[in-house]
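So the chains spell out like this:
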Amino acid sequence: MLARTAGTDAGVFTNPMAVSTDGYVYEHEVGFAYDSASVYAESGPVQLGNGDNIMSVRQVVPDEQTLGEAVVSFKTRNYPTGTQSTFGPYTAANPTDVRFAARQVNVKVTGAVLADWRIGVMRLDAIPSGKR
């Protein structure tokens, strides 16, 4: 977590600027040095209807501008406070074969290369497989 006290978005400046707690001004979003951190985006829980049915997921269809620059993984649960299972990571292809079943699924996309990558709306090939 970066300690920042004030900042401004890009607009007047080429990149966003922020001031740290020690008074230094930093230019953000320059280059791809993440200091060994991995850059990712994660959805909230996805479920069918109100979550009564188990969904069987067979494929994911990525909306990725350049396939192969990100990997996708899934965190699943059968109950909100239940044990979480992880599936993947899968290298995004069009489509990507996966196989798991759960009531709730979180989708996590992680950058696989130090470059710009873009993920749009992903589609899951999922069918209801009943109540358990």
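Structure report, in brief.

Quick notes on the rules
- Residues numbered from 1 in each chain as written.
- Predicted model: local features only at pLDDT ≥ 70, side-chain atom pairs only at ≥ 80, totals over all residues.
- Heavy atoms only, no water.
- Core = buried A, V, L, I, M, F, W, Y, C linked by side-chain atoms within 4.5 Å.
- Buried < 20%, exposed > 50% of the residue type's maximum accessible area, 1.4 Å probe, protein only.
- Helix = DSSP H or I, 4+ residues; strand = E, 2+ residues; numbered from the N terminus.
- Contact = heavy atoms within 4.5 Å.
- Polar contact = N/O pair within 3.5 Å; in protein donor to acceptor, adjacent residues only side chain to side chain.
- Pairing = 2+ DSSP bridges.
- Axes fitted to C-alpha atoms, helices over the stretch in contact; angles between N-to-C directions.
- Salt bridge = Lys/Arg side-chain N within 4 Å of Asp/Glu carboxyl O.

Okay, the nonpolar core next. Formed by Met55, Val57, Val60, Ala70, Val72, Phe74, Val98, Phe100, Ala102, Val105, Val107 and Val109, the largest nonpolar core amounts to twelve residues. Contributions of two or more residues to this core are made by β5 (55-61), β6 (70-77), β8 (96-102) and β9 (104-111). Other than its neighbours up to four places away in sequence, valine 107 contacts Ala41, Glu42, Ser43, Val72, Ser73, Phe74 and Met122.

What follows is about the environment of glutamate 27. Its place among the elements puts glutamate 27 in strand β3 (residues 25-27). We classify glutamate 27 as partly exposed; its relative accessible area is 45%. Along the sequence, glutamate 27 and asparagine 15 sit twelve residues apart, while their C-alpha atoms lie 6.3 Å from each other. Once you skip the residues sitting within four places of it in the chain, glutamate 27 turns out to touch Asn15, Pro16 and Met17. Among the polar contacts listed, one links the side chain of glutamate 27 to the side chain of asparagine 15, at a separation of 3.2 Å.

Turning to the sheet that holds strand β1 (residues 4-8), a few remarks are in order. Pairing is antiparallel in the open sheet, where three strands are placed in the order β1-β2-β3. The sheet is open, and its two edges are formed by β1 and β3, each paired on a single side. Geometrically, the sheet is characterised by an average inter-axis angle of 25° between neighbouring strands, direction not taken into account. Relative to β3, strand β2 (residues 17-20) runs antiparallel, the two sharing three bridges. Its bridge partner lying in β3, valine 19 is registered against valine 25.

This paragraph deals with the pattern of salt bridges. Enumeration according to the criterion identifies two salt bridges in this entry. Among the salt bridges present, the one from lysine 75 reaches glutamate 42, with a minimum N-O distance of 3.4 Å. With lysine 75 in strand β6 and glutamate 42 in strand β4 (residues 40-42), the pair connects residues that are 33 residues apart, well separated along the chain. In this structure lysine 75 comes out as partly exposed when scored by relative accessible area, which is 22%. Since its relative accessible area comes to 34%, glutamate 42 is described here as partly exposed. The residue arginine 58 makes a salt bridge to aspartate 125 at a minimum N-O spacing of 3.3 Å. Here aspartate 125 lies in strand β10 (residues 123-128) and arginine 58 lies in strand β5, a separation of 67 residues in the sequence. Under the relative-accessibility criterion, arginine 58 is labelled partly exposed at 34%. In this structure aspartate 125 comes out as partly exposed when scored by relative accessible area, which is 27%.

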